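An overview of the molecular structure
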Amino acid sequence: MNIIVCIKQVPGTTNVNVDPVTGTLIRDGVAAKMNPYDLYALELGFKLKDKHGGTLNVVSMGPNSALEVIREAIYMGADGGVLISDRKFGGADVLATSYTLCSGILALGDFDVILCGKQTTDGDTAQVGSELAEHLKVPHAANVRDVDVDGDRIKYVSNLDNKIVTAKIKTPCLLCVDGEVNTPRLPSFKRKLQYGDCAEQIRIITFDDLQDKDETHYGLKGSPTQVERIFNPDKKSEKEIIKDGNLASEMYKILRDRKFV
Amino acid sequence: MYKKVDNKDIEYLRSVIPANRILVHDEISDDYAHDELGGIEVKPEVLIYVRSTEEVSKVMKYAYENEIPVVARGSGTDLVGAAVALEGGIMICTKQMNHILEVDETNLTVTVEPGVLLMELQAYVEERDLFYPPDPGEKSATIGGNISTNAGGMRAVKYGVTRDYVRGLTVVMPNGEIEHFGGKVVKNSSGYDIKDLIIGSEGTLCIITEAILKLVPKPAYSVSMLLPFMTMEKAIEVVPEIIRSKASLTAIEYMSLDTIISAEQFLGKKFPDTNYEAYILLTFDGNSMNEIQDEYTKVANLCIEKGAIDGYFVDTDERKKSVWNARGAFLEAIKASTDLMDECDVVVPKGKVADFIKYTHEVGKEVGLRIPSFGHAGDGNLHIYLCKDSMAEEIWKQKADKAFELLYTKAREFGGMVSGEHGIGYAKKPYLARQVGENQIELMRSIKKVFDPKNILNPGKVC
Ligand SMILES: Cc1cc2nc3c(=O)[nH]c(=O)nc-3n(C[C@H](O)[C@H](O)[C@H](O)COP(=O)(O)OP(=O)(O)OC[C@H]3O[C@@H](n4cnc5c(N)ncnc54)[C@H](O)[C@@H]3O)c2cc1C
């Protein structure tokens, strides 16, 4: 089985600041890490590979620094990785990002299943996976909690808010994996020693490697989204104190109303 | 005999403390009758939520004059019955004295009321790039409780224990008088250090109503590493090697697969790796990632040479949570895995850790008890649990007594102590007496008498 997992490098902390002048995220000085949601997808991919064999490769679009997360995936057990990177890809929105990922993945050859995280912690749109499937013209499913192989199909479990669906999907396909569905394995020191900077395991794909050479499909030029303003959401620190009545049932009601239970 | 609390006493208390902060008899929740493990249940007659030093002073003065016993209580998470009102009387709960009064960025201190929770303090100072290093497992314990038990925790290897971070104390003496010991000063050679006597005294000498704590700059980076081993023997034998390597570590914890599985069941969350019998968990912190990398490379290579299967990086918030949350839940998880358990919190010289853990396995076999353990391997403080596992009461008592006797005798032989961090309280009194001998117990009792001639403050504890 040929598994691809899409991963992205995001800021290392959730308290990212927005530059008040330019409205862009201030990334300097904040340690970066792999998007936590991608780790669940990665773990699900390892589970498939452990059980059914094959190869697992990761794909990331981003600047050179994103090599870090590809290496991390390799230290966790991925066989190799691809960085799709070019100045021309900068400033991409969901459409351009998913299109670029699609072009990069097509340049790699065949695959059976692509796993994506549900969303990223910096962009938060939760659209790239589905749009990537559309560009690739493969079937896809979202909110996936578990997968297995069933004959020539993939059996998956998906959490659709009020029901859990178990279904089968034809390969090649794309699955967006829900958060918190497993505990991702940890990167291995031994693999780090063995693969070092992973020069042999990582391939870099640039604009020149892609078949579609129309620059208006990539980066800022290929992005119809116009961002008006980015700002930090207000940090809520309101407190509600309940003193009288049946405290437990009052609390339950609040938690239920806010959909925590 | 102490005086029982009567209506007149309650009337007086209501004249100095608002009535809605005083609970009497049946109004008091059973939670206040016990701690988290001590194995004894007694309800106080009155429970008072105090809000100031002056309030504590008024209550104490009255109790002293009328010979009513008083027990101070924080979150009640202690494990040796220290916070249980053995003689009834008044329980003074500090949980509403929960203000952080000042962060002094020049003197690097924070001044707190005793009811501030450890987790609140840690979060508060870390937001300001400062760091309060003591890190006992139970984050909902109060600072007053931490000081009174000289709580230790996971970072003792590098940073020491609560005692090392207490600069000054404001206390109410048993007769109601208010005293200040120490202060913001770094050095102090001014006579007997009474502050240090109070730390770890489990509420038997006075009641702490304010504390000045030392802070350090927050280290910029912290990375943990989880090292799996084929057997527990192999894992613990590596510990002295790690210490000898002179690497700069913050934590060295050991854990066995069964304990990890108990924690998984207890939390309903998977641990990142459960393929091996035993694990060592290390933490490195510092201000340069390169330095940390050099350190963990050195240590991981050493461990692998000595039998570690690998070293897994625990470097992001999510990864730390998946590992350290499980580590933090071990005690509760073992407790949930059996109908009753008792604990041995011995500390032995670091060089004896491996031998002692092996000995617990021998004792388990010899006595016929399940004895899981985990703990702070890097500072010699082990948490060893005797599990009843539904055996008959009589047999359990016999077996537990035998096991404790063997364990404490061995600890003594190794130059260890009865308690590394949980204290003596009520449950470990006989073992302390046996360990330190009559002279030292007499010395402790004499000190207690000077502070509390009427023996009204937390009677029946420690010595
Ligand atoms: C799951 C779990 C994990 C734990 N892990 C650790 C650990 O890693 N390291 C460790 O050291 N301990 C640990 N403990 C033990 C416990 O949390 C500590 O002993 C803690 O310091 C108790 O604080 P508390 O606020 O709950 O105090 P309490 O239990 O309320 O009181 C403890 C003692 O302190 C006295 N006291 C409390 N407040 C005051 C005050 N203001 N003035 C005078 N005396 C006072 C009480 O009278 C009593 O003798 C753990 C406990 C649990 C349940």
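Predicted model, so just to flag it, every value in this text is computed and none were measured.

So, on to the overall build of chain B. From N to C terminus, chain B includes 14 helices and 18 strands. The C-alpha atoms of chain B give 22 Å as radius of gyration, which agrees with the globular expectation for 463 residues (23 Å, within 12%). Dimensions of chain B, computed from the C-alpha atoms along their principal axes, are close to 70 × 60 × 45 Å. Taken over 463 residues, chain B has a buried fraction of 56%. The long-range fraction of contacts in chain B, counting pairs at least 24 apart against all pairs at least 6 apart in sequence, stands at 72%. When the accessible surface of chain B is totalled, it reaches about 19,000 Å², and 50% of it is carbon and sulfur. Where the 53 positive side-chain charges of chain B centre and where its 70 negative ones centre are 2 Å apart.

When its secondary structure is counted, chain A shows six helices and eleven strands. Taken against the 2.2 N^0.38 rule, which gives 18 Å for 261 residues, the C-alpha radius of gyration of chain A at 20 Å falls within 12% of a compact globule. Along the three orthogonal principal directions, the C-alpha set of chain A runs to about 65 × 50 × 40 Å. Counting only residues that meet the buried cut, chain A has 42% of its 261 residues in that class.

Attention shifts here to the site of the ligand. Residue and element names in this part refer to chain B. Surrounding the ligand, one finds 37 residues, the nearest of these being A72, G74, G76, T77 and T142. A distance of 2.7 Å is found between an oxygen atom of the ligand and a side-chain nitrogen or oxygen belonging to T77. D78 is positioned with one of its backbone polar atoms (N or O) 2.9 Å from an oxygen atom of the ligand. For the ligand, whose free accessible area comes to 970 Å², the fraction covered by protein is 98%. Here the element with the most residues in the shell around the ligand is helix α4 (residues 143–149); it accounts for five residues. Residue composition of the shell around the ligand, grouped by class: twelve nonpolar, 18 polar and seven charged.

A full pass over the atoms with the stated rule returns 19 aromatic pairs over all chains. The interplanar angle of 45 degrees and the centroid separation of 5.5 Å between the aromatic rings of F89 of chain A and Y218 of chain A together place this pair among those described as tilted. Of this pair, F89 of chain A sits in the loop between β5 (80–84) and α3 (94–108) while Y218 of chain A sits in the loop between β11 (202–205) and α6 (247–257), placing them 129 residues apart in sequence. Residue class for F89 of chain A comes out buried when judged on its relative accessible area of 4%. Relative to F313 of chain B, the ring of Y296 of chain B lies with its centre 5.1 Å away and its plane at 70 degrees, an arrangement referred to as edge-to-face. On the criterion of sequence distance, the pair formed by Y296 of chain B in helix α9 (residues 289–305) and F313 of chain B in strand β15 (residues 312–314) is long-range, its members being 17 residues apart. What makes F313 of chain B buried here is its relative accessible area of 5%. Grouped by ring-pair contacts, the aromatic residues F89, Y99, F207 and Y218 of chain A constitute a single cluster.

On to the sheet that holds strand β6 (residues 109–112) of chain B, then. Residue and element names in this part refer to chain B. Read across the sheet, five strands follow the order β5-β6-β10-β8-β9 without closing on themselves; strand pairing throughout is antiparallel. Across the chains shown, the open sheet's two edge strands, defined by having one partner strand only, are β5 (100–104) and β9 (178–182). Here the average twist between neighbouring strands, direction ignored, is 15 degrees. Sheet topology note: the strand β8 (residues 166–172)/strand β10 (residues 207–214) ladder contains six bridges and is antiparallel. What sits directly across from G168, in β10, is I212.

All names here are of chain B. Taken in spatial order, the four strands line up as β1-β2-β4-β3 in an open sheet, and their pairing is mixed. Of all strands in the sheet, those with a lone pairing partner are β1 (22–24) and β3 (70–73), marking the two edges. When strand polarity is set aside, the average angle formed by the axes of neighbouring strands in this sheet is 20 degrees. The strands that helix α1 (residues 7–16) touches are β1, β2 (46–49) and β4 (90–93); relative to β1, the one it contacts most, it runs at about 165 degrees. Contacts between helix α2 (residues 53–66) and the sheet are confined to β2, β3 and β4, with β4 contributing the most and set at about 165 degrees to the helix.

Another aspect to go through is the interface of chain A and chain B. Every contact between the two is made by 16 residues of chain A and, on the other side, 23 residues of chain B. Carbon and sulfur atoms make up 61% of the area that chain A and chain B hide from each other, which totals about 1,600 Å². Sorting the residues of chain A by area buried against chain B places T183, L186 and F189 of chain A first, and these three jointly supply 44% of that buried surface. One can count three salt bridges joining chain A with chain B. Put simply, K33 of chain A and E318 of chain B hold a salt bridge, and the shortest N to O gap is 2.9 Å. At the surface where chain A touches chain B, the tally comes to ten residue pairs in polar contact (both at pLDDT 80 or more).

Our next topic: helix α12 (residues 353–367) of chain B. Residues and elements named next belong to chain B. In this model α12 runs 21 Å from its N-terminal to its C-terminal C-alpha over 15 residues, within 8% of the 21 Å that 1.5 Å per residue would give. Buried residues of α12: V353, A354, F356, I357, Y359, T360, V363, G364 and V367, and no others. Summarising the contacts, the buried residues of α12 are in contact with α7 (232–244), β13 (251–256), β17 (373–376), β18 (381–387) and α13 (393–413).

In this structure the tally under the stated criterion is 45 salt bridges over all chains. Across the salt bridge formed by R256 of chain A and D257 of chain A, the nearest N and O atoms sit 3.9 Å from each other. Of the residues examined, R256 of chain A reaches a relative accessible area of 40% and is grouped as partly exposed. For E393 of chain B, the salt bridge is made with K388 of chain B, and the minimal N-O distance between the two is 3.9 Å. Judged by relative accessible area, which is 46%, E393 of chain B ranks as partly exposed. Put simply, E43, D50 and R185 of chain A are held in one network by salt bridges that share partners.

Calculation criteria
Residues numbered from 1 in each chain as written. Chains lettered and ligands numbered in written order. Predicted model: local features only at pLDDT ≥ 70, side-chain atom pairs only at ≥ 80, totals over all residues. Heavy atoms only, no water. Helix = DSSP H or I, 4+ residues; strand = E, 2+ residues; numbered from the N terminus. Rg over C-alpha atoms; globule rule 2.2 N^0.38 Å. Buried < 20%, exposed > 50% of the residue type's maximum accessible area, 1.4 Å probe, protein only. Contact = heavy atoms within 4.5 Å. Areas by Shrake-Rupley, 256 points an atom, 1.4 Å probe, with all protein chains shown as cover. Lys, Arg positive; Asp, Glu negative; His and termini not counted. Charge placed at Lys NZ, Arg CZ, Asp CG, Glu CD. Near = heavy atom within 4 Å. Polar contact = N/O pair within 3.5 Å; in protein donor to acceptor, adjacent residues only side chain to side chain. Nonpolar A, V, L, I, M, F, W, Y, C, P; charged D, E, K, R; others polar. Phe/Tyr/Trp six-rings, centres within 6.5 Å; stacked < 30°, edge-to-face > 60°. Pairing = 2+ DSSP bridges. Axes fitted to C-alpha atoms, helices over the stretch in contact; angles between N-to-C directions. Buried area = accessible area lost by both parts, 1.4 Å probe. Salt bridge = Lys/Arg side-chain N within 4 Å of Asp/Glu carboxyl O. Expected span 1.5 Å × (residues − 1).

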